[in-house]
Each structure stands twice: as C-alpha cells, then as structure tokens.
Amino acid sequence: MSRLLTTTPRADGFHMPAEWEPHAGCWMLWPERSDNWRGGAKPAQHAFAAVAAAIVQGEPVTVCVSPAQYVIAREMLVPAVRVVEMTSDDSWIRDCGPTFVIDAAGCVRGVDWKFNAWGGLIGGLYFPWDQDDLVGEKVIELERDDRYGPDFILEGGSIDVDGQGAVLATRECLLNANRNPGLGEGEIEQRLRDYLGVETVIWLDQGVYLDETDGHVDNLCRFVAPGEVVLTWTDDMTDPQWARSAAALEILTRARDAQGRSLRVHKLRQPAPVTITAEEAAGVDHVPGTLPRQAGDRMAASYVNFYIANGVVVVPAFDDPQDAPAQALLAKLFPDRRILPVAAREILLGGGNIHCITQQEPAGGGSVTNAGRA
C-alpha cells in the first residue's frame, strides 16, 4: 500500500532523475472532452494512440481511460499498451500526474503536487479540475509507491531536471499569481530543492509565445545531457518568439549548473507559425468556462516538446520544412536512441504536445546512475 509521507524527498535522500535515465514505463491519459478536442476527440485519440505506439517500442506504456472510453481505447491502442480505467478531467498527465523521485538504492517514490488547471479561477483553462487533481495520487497508489503530498501547485511541464542537481523553470509560470500567490521566488526555489532534490534553479523569464500554460519550460528549453540543453529558436527577429528565445539564450550562456559547468546550448528551430483553421475551430464545442479555440489563433508549436524513452525519442512533427532538421539535431544529441516522429498537430490543437501528454516512471530496484552522454 502507498503511505503518505510527511517528510521531503530531499530530507530522505531522493531526487528526480533526468528523463534520459532508465524508465520502468510511461503513463498517459486518454482524451475525450469535446470542448477541448475537435470532432469529439477522435482525431486526438488517433494521435495519442500513435504516440503510445511509438513509446512502447522502447518501454511499457499505460494509458488511463474513463469507463465510457475503455472499449474504444482498447481497440485503438496497440496490444502492447496497457489500458486501465481512471477518471480524469482531461489528458495532460505531465501536469496533473505525479513526479517520481528515486534514491541511491533505486527506491522509487511519487510526489503528488496540487493541480489547478493552470491557474484555477484566475486564468485556468477549465473547471472543475478535481478529478485531474486526483490523478497523481491514483497513479502512485497503483504503483504501490510511497507518496509525498506537498501543499504546492506545480505542473510537471513547468520543470526540467538534469538529474545532477539542476532544474530549469520560467518565472512566467512558477511566479504567476495564479499558482502559489503567497510564495516569493526564494520560497518557491526552496520547494523545488526540497521536493526535486536539486541544488540549482536556472530561471528563464518567459516560455514560448502564446503558450496557454503560462510559459512551461518543457516547450522552450530542455536538458538533453548533463551540461547541455536545447532551446527553441527562430532567426526571424520580427517573430514574437525571437525576443523570448534570445533572452533565454543570454541567461543560459551565463548560467552554471549544480556541478559548476557552463551550459552548451543547441538551437532547435521552430516550425513556421501554426494557426488554427476555421474547420478545426468549428469542430470544438464551445462551453462557458473553457478556453475557446478560434480560427486564426497561433499555437505554441515547438520541437522541444519531445519525450525521451528507453531507446527512442518521440518527436512532434508538423509537416513543416523544419521537421527534418529538428529530427537530425536530436539524432545527433541522442546517438543511442532512435528518433521517432509523430504527427502532432491534433495534440497541439488541444493546447500542448507529446511531452505534455506523457509522464515517465523511473526504473527502480537497484543503484541508479546518470545515463547522459559523456
């Protein structure tokens, strides 16, 4: 059974490992709400199924599905994917699910953050979100892991770690008044140290332009190895993203990680601006209290929103000339993994991408070491 702990991971010798370290598996949630996904979520379901089929080539995948969708999901997902019933409000398990931490002996525990749909009643994207807030606890319970339950709102997409003491985050998100309004920057840093087991917080100011999560770092900048990051980029100085990426680059070139290393920054050029078509907007049910999808709206398309699995990296593809260069750069950065592109427009239409709909569970049971490139 899962115990609720009153200590912190840091005090107990636990930390969040890097995503490239060995996984026990990957968790996903099945999309179905028609006020976020067009066409009754059918196009999105096919996209999610394609992501699961790619990831399962490297590691076990569990997709959590509502009772009403179980038979449909079981039919659409490849047989190797495990399907379990679980109620949720939407399908962004990176943000509403748990963050797993490990210790030197390979013991795994879960951190069950509070979740308020990216802002609660002040800018949140839907209401209610109570079932999403239970997803972390449910996943940890299914795994019979012990659970930390901090009274702290945090989404998994708002952080990225190197497994060696450093975490990336944006002030735009973590310092937003609609997350933890009673806490200042120093207090939030301490929460990150306590619950992720990190030493150094590398603050970037803003995330990707028009990212409705209030600037999640996993769409802007990610660790790909100790001392190395990828940063979404554009050479078009008239694009609103240029100033955001240029400011992040300046910070990253000055930054040092927890081991005292300077960071090597790889520019991952974004696709051409991706906007919602009239047909796509018309296919979404308009319901009060949810973010409307309107024709012409620009979406926060970024290749940085990839998922690192055992043996493979699953990368969003946008049918754009930058798809191939992005895949080539990631192949160079992950020479021991196959790069698997998946058409991601339908996921993007819902407000996120491949990394947002996945959550890794680290492998346990033995001594764990960093598996990044030398």
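Just so you know, these numbers come straight off a predicted model, no measurement behind them.

Novice: Residues and numbers for the overall build of the protein, please.
Specialist: Check the secondary structure of the protein and you find twelve helices and 19 strands. A compact globule built from 374 residues would reach a C-alpha radius of gyration of about 21 Å, and the protein, at 19 Å, matches this within 12%. On the principal axes, the C-alpha backbone points of the protein span a range of 50 × 50 × 45 Å. Residues classed as buried in the protein amount to 59% of the 374 residues present. For the protein, the accessible area works out to roughly 14000 Å², and carbon and sulfur atoms hold 52% of it.

Novice: Lay out a nonpolar patch on the surface with the relevant residues and their values.
Specialist: Taken together, the side chains of L121, I122 and F127 present a nonpolar region at the surface, about 410 Å² in accessible area. When you line up the elements, I122 lands in the loop between β6 (108-111) and α5 (130-133). The class of I122 is exposed, set by a relative accessible area of 61%.

Novice: Let's hear about the environment of L268: which residues, and what values?
Specialist: For L268, the position within the fold is in strand β13 (residues 264-269). According to the relative accessible area criterion, L268 is buried, its value standing at 1%. As a C-alpha pair, L268 and A49 span 219 residues in sequence and 26 Å in three-dimensional space.

Novice: Talk me through the pattern of salt bridges; I want residue IDs and the actual numbers.
Specialist: In this structure the tally under the stated criterion is 23 salt bridges. Salt-bridge contacts for R3 lead to D146; the nearest nitrogen and oxygen are separated by 2.6 Å. In this pair, R3 sits in the segment before β1 (4-5) while D146 sits in the loop between α6 (135-142) and β7 (147-148), placing the two residues 143 residues apart along the sequence. Classification of D146 as buried rests on a relative accessible area of 14%. With a closest N to O distance of 2.6 Å, R345 and E280 form a salt bridge. Separated by 65 residues along the polypeptide, R345 in helix α12 (residues 345-349) and E280 in helix α10 (residues 278-282) bring together distant segments of the chain. Judged by its relative accessible area of 29%, R345 is partly exposed. A residue is classified by how much of its surface remains accessible, and E280, at 8% relative accessible area, is buried. The structure contains a network of salt bridges with shared partners spanning E19, R94, D160 and R222.

Novice: Describe the environment of E228, and please don't skip the residues or the numbers.
Specialist: Its location among the elements puts E228 in strand β12 (residues 228-233). A residue is classified by how much of its surface remains accessible, and E228, at 9% relative accessible area, is buried.

Novice: Please set out the sheet that holds strand β5 (residues 99-102) residue by residue, giving values where relevant.
Specialist: Strands pair in a sheet through their backbones, by hydrogen bonds, and they do so in one of two ways: parallel or antiparallel. Judged by pairing direction, the sheet is mixed, and its four strands sit side by side in the order β1-β7-β6-β5 without closing on themselves. Each edge of the open sheet is held by one strand with a lone partner, namely β1 and β5. Examined bridge by bridge, β1 and β7 share two bridges and lie parallel to one another. By the bridge assignment, L5 is partnered in β7 with Y148.

Novice: Residue-level account of unusual backbone geometry, with values.
Specialist: The residue after F127, namely P128, is reached through a cis peptide bond having omega 0 degrees. Within the secondary structure, P128 is located in the loop between β6 and α5. Unlike most non-glycine residues, A117 shows phi in positive territory, near 60 degrees. Considering the arrangement of structural elements, one finds A117 in the loop between β6 and α5. Take A117: its relative accessible area is 0%, and that puts it in the buried class. Positive phi, close to 65 degrees, is recorded for W118, a residue that is not glycine. Mapped onto the elements, W118 comes out in the loop between β6 and α5.

Thresholds applied
Residues numbered from 1 in each chain as written. Predicted model: local features only at pLDDT ≥ 70, side-chain atom pairs only at ≥ 80, totals over all residues. Heavy atoms only, no water. Helix = DSSP H or I, 4+ residues; strand = E, 2+ residues; numbered from the N terminus. Rg over C-alpha atoms; globule rule 2.2 N^0.38 Å. Buried < 20%, exposed > 50% of the residue type's maximum accessible area, 1.4 Å probe, protein only. Areas by Shrake-Rupley, 256 points an atom, 1.4 Å probe, with all protein chains shown as cover. Patch = residues over 30% accessible without salt bridge, like charges linked within 9 Å, V, L, I, M, F, W, Y side chains within 5 Å. Salt bridge = Lys/Arg side-chain N within 4 Å of Asp/Glu carboxyl O. Pairing = 2+ DSSP bridges.

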